[in-house]
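Next come the chains, spelled out residue by residue.
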Amino acid sequence: MNRYLALSMALGFSAPLGAQKTPGYGAQSASIERATEADAITRPSAQSSSVHSKFLSLQPHMAGTSAQARTRDYVIDKMKSWGLETEVRGYSVWMPHPLSTRVWRMAPDPIELNLQEGIVPEDTTSFAFPQVMAFNGYGAAGDVRGEVVYVNYGLIEDYAQLDSMGVSVKGKIAIARYGRSYRGIKAREAEKHGALGLIIYSDPADDGYVRGDVYPAGPMRPSHGIQRGSVMNPNGDPSTPGYPSTTNAKRIALAAMDVPHIPVLPISYGNATELLRGLAGKAIPQPWQGGLPFRYHVGPGPVQARIAVTTDATTNPYKQIWDTFGTIRGSEFPEEIVIIGGHRDAWGPGAADNVSGTVSVLEAARAVAEQVKAGKRPKRTIVFATWDAEEWGLIGSTEFVEEDSLRLARSAVAYLNQDDVAQGPNFGSGASSPSLRALLRDVAKGVPDPSGTGTVYSVWRKRANLAADTLEPEMGDPGGGSDFGGFYNHLGIPIADWGFGGPAGVYHSAYDSYHWMSKFGDPTFEYHATNARIGVAALLRIANAEILPYDYVEYARTMRRFSSQVERTIADKHWKLSAAVLSAAVGRMESAAVAFNAARDRALAAQLAPTIAKQVNTTLLGVERQLTRPQGLVTRPWFRNLIYASDENNGYATMALPSVNEAIRVGDETAVEREIADLVKRFDSATRVLEAATGLLQKS
Ligand SMILES: [Zn+2]
């Protein structure tokens, strides 16, 4: 998946005046740490990034195939050779693979559409190995035909518009363009509105020649390029919702699984032309016009289509997936773990998505391993993970998090995510916990940008074109869409996620290849190496801190913006209740965080006893956990974190304070009042944890 499609962004805040330069470190340990990071960032290299990338993107490596065993072995072999302890964890996952996928135009004049992505002679990957069939993961098997209805992006509001035009998809084939929401939402809405099947295509206005020259002349999607991808909405193996897919795990029946029950297929805009050009019927609202060179209509018909999908769902639905782990034990706090991970599976060769993230994890591992050999071992344990089957619904990371939830809830200090990290020059953070944003900004200040014009931070800042010196570049809120979901949304572990974005024109296609990467995405592989440099510096900054370097002042200030929004929304509705109590609770947390930072800085300046530091850190691990609820959101129990969740009506967008805002959205005043009271209680628990940590420091 790709977090650059995230819709919801938040403005960051400057560090408060007078804050320490390296929060969590005393003066002496800070200078040692700065030197350690300066050494570490010299180690990831463009040259070895390119070697890893070439090997890992040699062939398509979809989850559940033998090609994925090859990437598993490569990562494990490398980590072993550098001296890491390694582990492979396998899960058996309900994941039907397609046996055949076909689409026809049945009327007016019948043709079968060619679902191959054509050969590009200069890109050997496009023909050396069979392409992954054009399909959407977890779409149903079936053979359906009917009149075609164009549903724009297939969003909830698009169906409302169709309703108002008197057009229904009931008993028809819906055709939607990609964009504006996660594709699983498009499938859910099409099924809900009675469509027999759904076709999703990449419109050139959003993803093709309207945006730039197409591959291989340019980086953008060519007329026969296809975006594959999952259409399942929940995270993890759908046959084991909320618990791990271990050998003897109880499996639920297909009918009970939260997956689409209609066939869904992706096609290119070349093929979509054959279905859309002949549509008649109602005039479209102007924003529904896409980039193809004719006027769009909604239909229904006279064009008719047929979709036929066969899968191995009845013969061989369970596939083996493999997560890999490389561990470096900490010297002082081995039971506290910092994790960096990226998914290893792809829909094609996956040079950008997500060989780039895998390479970043590998190069960061090599850097720390080399330092260990040179006698510098991090204080906390660092785990370098690669996940399988992310593309099907964050499956490898979710099953792991579900299996090790108690251990992780107790001991995971942070999770850093690497997904699609080097496909252009634009640095950004698609999703970060507000408690780790200051750390990520500071680390980016210490790493040179490949452009040669400054640090990653200064180039990022310049591009953000900020209106005031006090503002910081935007970072995304962690809602979903990549492997941080299990850690953040399910367990409340602080996360950070970053990468270098670019054209994204070959997303989930057979052309996301080493050739595309070498020609357009990151020709020098310097962005790969730079991303790993940020990774290793961030890992060490967290792993070596005397006091864990979370910023709960920034956290609370970010929350205050959301609680004020809730207050305004409720005031606009003229409801009797008020959310002022919520803002007051967030204000108490901010005061406690300010007091904690002051006590921390004083204690570190006066040499902190290691036994006290250990107690403070154990206490700090509890702050964000207080803002999770074991029973989760009313709409989705798996989402336990009450700070951010993916918007269940969009999938890519993030909803802040989801327990309250979902109740507001459905207009249930009683539920809103109950959820505000619940959240106030949890913010107050987080405040008490911070106060307890402050108390420990004051005793020292
Ligand atoms: Zn990805």
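Placed above this text is the structure.
In this text, all values refer to a predicted model and were calculated from it rather than measured experimentally. (Residues numbered from 1 in each chain as written. Predicted model: local features only at pLDDT ≥ 70, side-chain atom pairs only at ≥ 80, totals over all residues. Heavy atoms only, no water.)

## Topic: the pattern of salt bridges
Just so we agree on the cut-off: One speaks of a salt bridge when a side-chain nitrogen belonging to Lys or Arg is within 4 Å of a carboxyl oxygen belonging to Asp or Glu. Under the DSSP-based scheme used, a helix requires at least four consecutive residues in state H or I and a strand at least two consecutive residues in state E, with every element numbered from the N terminus. For every residue, the accessible area obtained with a 1.4 Å probe (protein chains only) is divided by the maximum for its type, and the residue is called buried under 20%, exposed over 50%, and partly exposed between those limits.
For the structure shown, the criterion picks out 44 salt bridges. We note a salt bridge from Asp-442 to Arg-34, for which the minimum N-O separation is 3.1 Å. On the criterion of sequence distance, the pair formed by Asp-442 in helix α11 (residues 437-444) and Arg-34 in helix α1 (residues 27-40) is long-range, its members being 408 residues apart. Judged by relative accessible area, which is 17%, Asp-442 ranks as buried. By relative accessible area, Arg-34 is classed as partly exposed at 31%. In this structure, the salt-bridge partner of Arg-407 is Asp-404, at a minimum N-O distance of 2.8 Å. Connected via shared salt-bridge partners are Asp-39, Arg-43, Glu-363, Arg-366 and Glu-370.

## Re the packing of aromatic side chains
Cut-off, in case you're wondering: A pair of aromatic rings is counted whenever rings of Phe, Tyr or Trp (Trp by its six-membered ring) have centres within 6.5 Å, and the orientation is called stacked for planes under 30 degrees apart, edge-to-face for over 60 and tilted otherwise.
Under the defined criterion, the tally for this structure stands at 30 aromatic pairs. Where Tyr-488 meets Tyr-644, the ring centres are 6.3 Å apart and the plane angle is 35°; that geometry is what we call tilted. Taken together, the positions of Tyr-488 in helix α13 (residues 484-490) and Tyr-644 in strand β20 (residues 644-646) put the pair 156 residues apart, joining distant regions of the chain. Residue Tyr-488 shares its accessibility class with Tyr-644, and that shared class is buried.

## Focus: the sheet that holds strand β7 (residues 173-177)
To keep things clear, this is the line we draw: Pairs of strands are assigned from DSSP output, requiring at least two bridges between the strands. Working rule for contacts: check all heavy atoms of both residues, and any pair within 4.5 Å makes them a contact. Interaxial angle, 0 to 180 degrees, is taken between N-to-C directions of lines fitted to C-alpha atoms, where a helix line uses only the stretch in contact.
With respect to topology, seven strands assemble into an open sheet ordered β4-β3-β11-β6-β7-β8-β10, the strand pairing being mixed. Across the chains shown, the open sheet's two edge strands, defined by having one partner strand only, are β4 (111-112) and β10 (264-267). Sheet topology note: the β7/strand β8 (residues 197-201) ladder contains five bridges and is parallel. Among the inter-strand pairings, Ile-175 is bridged to a residue of β8, identified as Ile-199. Contacts from helix α6 (residues 183-192) reach β7, β8 and β10, with the element oriented near 150° to β8.

## As for the packing of helix α20 (residues 658-665) against helix α21 (residues 669-699)
Which entries qualify depends on this criterion: If an angle is under 35 degrees, it is roughly parallel; if it is over 145, roughly antiparallel; if it lies from 65 to 115, roughly perpendicular; otherwise it is oblique. Three categories are distinguished: nonpolar for Ala, Val, Leu, Ile, Met, Phe, Trp, Tyr, Cys and Pro, charged for Asp, Glu, Lys and Arg, and polar for the others, with Gly belonging to the last.
It is the contact of α20 with α21, at a shortest axis distance of 8 Å, that shows an interaxial angle of 170°. Judged on the interaxial angle alone, α21 and α20 are roughly antiparallel. Counting all contacts with α20, which are made through Ser-659, Val-660, Ala-663 and Ile-664, the residues of α21 involved are Ala-671, Val-672, Glu-675, Ile-676 and Leu-679. Each residue belonging to the contact of α20 with α21 can be placed in one class, and the counts come to seven nonpolar, one polar and one charged.

Read these as spatial facts, not as claims about activity.
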